[in-house]
Amino acid sequence: MAQQAYRYDGRRARQEKPRLKVRQGGGRAPISRLETLKRVSLLAVMLALVCSVLYSQAQLSELTMDIQEYQSKLATAQSDHNYLSGQLSSKTNMKNVEETATGQLGLVKLDPAQVTYFTLENESKVDKPESGAQKIAGWLEAGLKSLTENLVS
């Protein structure tokens, strides 16, 4: 029995092979209307997606340019605001200082007649006018210098 299990009797080899039908033209099988409709609808959906992506990119670039324009305007407005705030605080502080100086300390604004202007033609320094004691000390110093020069020579 074990020998018959592996025995080839040829029955399967004699079975009939299916006959092939040959058609002329050799083209592809015709596509059904449903397949054509599927392909056209898929193509339409893909085209709609591509168009929507392109449109959204165009809007995005336009909005980005608008944002940049408004940011530059904002920077200019902030700069103006900072400048004007500084001016306002400066004037407010000066008013407070003047009020404190006149009200509490009893100071008076400077009169234009009190201002003295110096012109420096060939000198690089301005000497402050001396008081009486400083003048006397200067004369004594000059006299001592001339005396020492006369004695040394």
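Above this text sits the structure in question.
Here's what I pulled together on the structure shown here. Computed from a prediction, not measured in an experiment: that's the story for all the values here. (Residues numbered from 1 in each chain as written. Predicted model: local features only at pLDDT ≥ 70, side-chain atom pairs only at ≥ 80, totals over all residues. Heavy atoms only, no water.)

## Overview of the overall build of the chain
Point 1. Along the chain, the regular secondary structure elements total three helices and zero strands.
Point 2. Each helix (α) and strand (β) of the chain, taken in turn from the N terminus, gives the series α-α-α.
Point 3. Buried positions account for 1% of the 153 residues belonging to the chain.
Point 4. By element, 59% of the accessible surface of the chain is carried by carbon and sulfur atoms, the whole surface being about 16000 Å². (Helix = DSSP H or I, 4+ residues; strand = E, 2+ residues; numbered from the N terminus. Buried < 20%, exposed > 50% of the residue type's maximum accessible area, 1.4 Å probe, protein only. Areas by Shrake-Rupley, 256 points an atom, 1.4 Å probe, with all protein chains shown as cover.)

## Brief notes about a nonpolar patch on the surface
Point 1. A contiguous nonpolar patch, built from Leu42, Val45, Met46 and Leu49 and spanning about 390 Å² of accessible area, is present on the exposed surface.
Point 2. Topologically, Val45 is positioned in helix H2 (residues 33–103).
Point 3. Relative accessible area serves as the criterion here: at 47%, Val45 is assigned to the partly exposed category. (Patch = residues over 30% accessible without salt bridge, like charges linked within 9 Å, V, L, I, M, F, W, Y side chains within 5 Å. Salt bridge = Lys/Arg side-chain N within 4 Å of Asp/Glu carboxyl O.)

## Details of the pattern of salt bridges
Point 1. Summed over all chains, the structure comprises three salt bridges.
Point 2. Measuring nitrogen to oxygen at the nearest pair gives 4.0 Å for the salt bridge that ties Lys38 to Glu35. With Lys38 and Glu35 both in helix H2 and three residues apart, this pair spans about one turn of that helix.
Point 3. On the accessibility criterion, Glu35 (35% relative accessible area) is partly exposed.

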